[in-house]
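In case you want the letters, here they are:
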Amino acid sequence: MLECTLEELFHGGLRKIKVVRDVISDEGIIVQEEETLTINLKPGWKKGTKVTFEGKDDEKPGYIPADIFSIQEKRHPLFRRQGDDLEIAVEIPSVKPLTGCSLSVPLLGRETMSLHFNDIIYPGYEKVIEGQRMPTAKGGKQDAKANMLFS
């Protein structure tokens, strides 16, 4: 299992993992060997994506080793992933929903985006943020949703 942050699954990147495995020495004795594996995380990978390293698992006579890592997604403090959608709950002071407003909304990667509202905002209101959806494994990003909450 390899736990990844939402940012890693959004942007991609390299991740190094130390593994200890049993190998058969030239003398036929099983010894432990430590090795660092590098995983190239692709933007858009999802929970359950499998990464295989042929020949990198414990060696046993008559067995072809392959170490398999399954991608798991760490919980994010602001965003929730639903398929390729990213959702964020934004609190709005109770007077602003009726008068229109501008809000600064955080994005993945510590950036922010200013959203402008001219219409009346109500409980359950959703605002689509263009270009901020999770990338797909085939490439490209679409739109994200911001769910508005009132405080």
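Just so we're clear, the structure is a prediction, and the values are computed from it rather than from any experiment.

Here we take up the side chain of histidine 76. Structurally, histidine 76 is set in the loop between β5 (66–73) and β6 (79–82). Judged by its relative accessible area of 15%, histidine 76 falls in the buried class. With near-sequence residues (within four places) excluded, histidine 76 lies in contact with Leu6, Glu7 and Leu108.

One open sheet holds the three strands; their spatial order is β1-β5-β4, and the pairing between them is mixed. Of all the strands in the sheet, the pair left with one neighbour each is β1 (2–4) and β4 (50–54). When the angles between neighbouring strand axes are averaged without regard to direction, this sheet yields 25 degrees. Here β4 runs beside β5; their pairing, made up of five bridges, is antiparallel. The residue of β5 that forms the bridge with valine 51 is phenylalanine 69.

Let us now look at the pairing of strand β8 (residues 101–106). The alternating pattern of β8 places Cys101, Leu103 and Val105 on a buried face, while none of Ser102, Ser104 and Pro106, on the opposite face, is buried. Sheet topology places β8 next to strand β9 (residues 112–117); six bridges connect them, and they run antiparallel. Residue pairing across strands places serine 102 opposite histidine 116, the latter belonging to β9.

In this section: the pairing of strand β2 (residues 13–24). Strand direction decides the pairing type here: β2 and strand β3 (residues 30–41), joined by twelve bridges, are antiparallel. Across the sheet, leucine 14 pairs through a bridge with asparagine 40, a residue of β3. Count of turn residues in the β2/β3 antiparallel hairpin: five residues, of which glycine 28 carries a positive phi of about 85 degrees.

We now examine the nonpolar core. By size, the foremost hydrophobic cluster in this structure holds 30 residues, and its most contacted members are Ile39 and Ile71. Considering each element in turn, this core owes the most residues, four residues, to strand β7 (residues 85–92). Once you skip the residues sitting within four places of it in the chain, isoleucine 71 turns out to touch Leu2, Cys4, Leu9, Leu41, Trp45, Lys46, Lys47, Gly48, Thr49 and Val51.

Further remarks concern the confidence of the model for the protein. Of the residues in the protein, 85% have a pLDDT of 70 or more, and the chain-wide mean is 80. Residue range residues 146–151 is modelled with pLDDT below 50. Its contacts to residues more than four positions away, or to other chains, number 31 contacts.

What counts, and at which threshold
Residues numbered from 1 in each chain as written. Predicted model: local features only at pLDDT ≥ 70, side-chain atom pairs only at ≥ 80, totals over all residues. Heavy atoms only, no water. Helix = DSSP H or I, 4+ residues; strand = E, 2+ residues; numbered from the N terminus. Buried < 20%, exposed > 50% of the residue type's maximum accessible area, 1.4 Å probe, protein only. Contact = heavy atoms within 4.5 Å. Pairing = 2+ DSSP bridges. Axes fitted to C-alpha atoms, helices over the stretch in contact; angles between N-to-C directions. Core = buried A, V, L, I, M, F, W, Y, C linked by side-chain atoms within 4.5 Å. pLDDT = per-residue confidence, 0-100.

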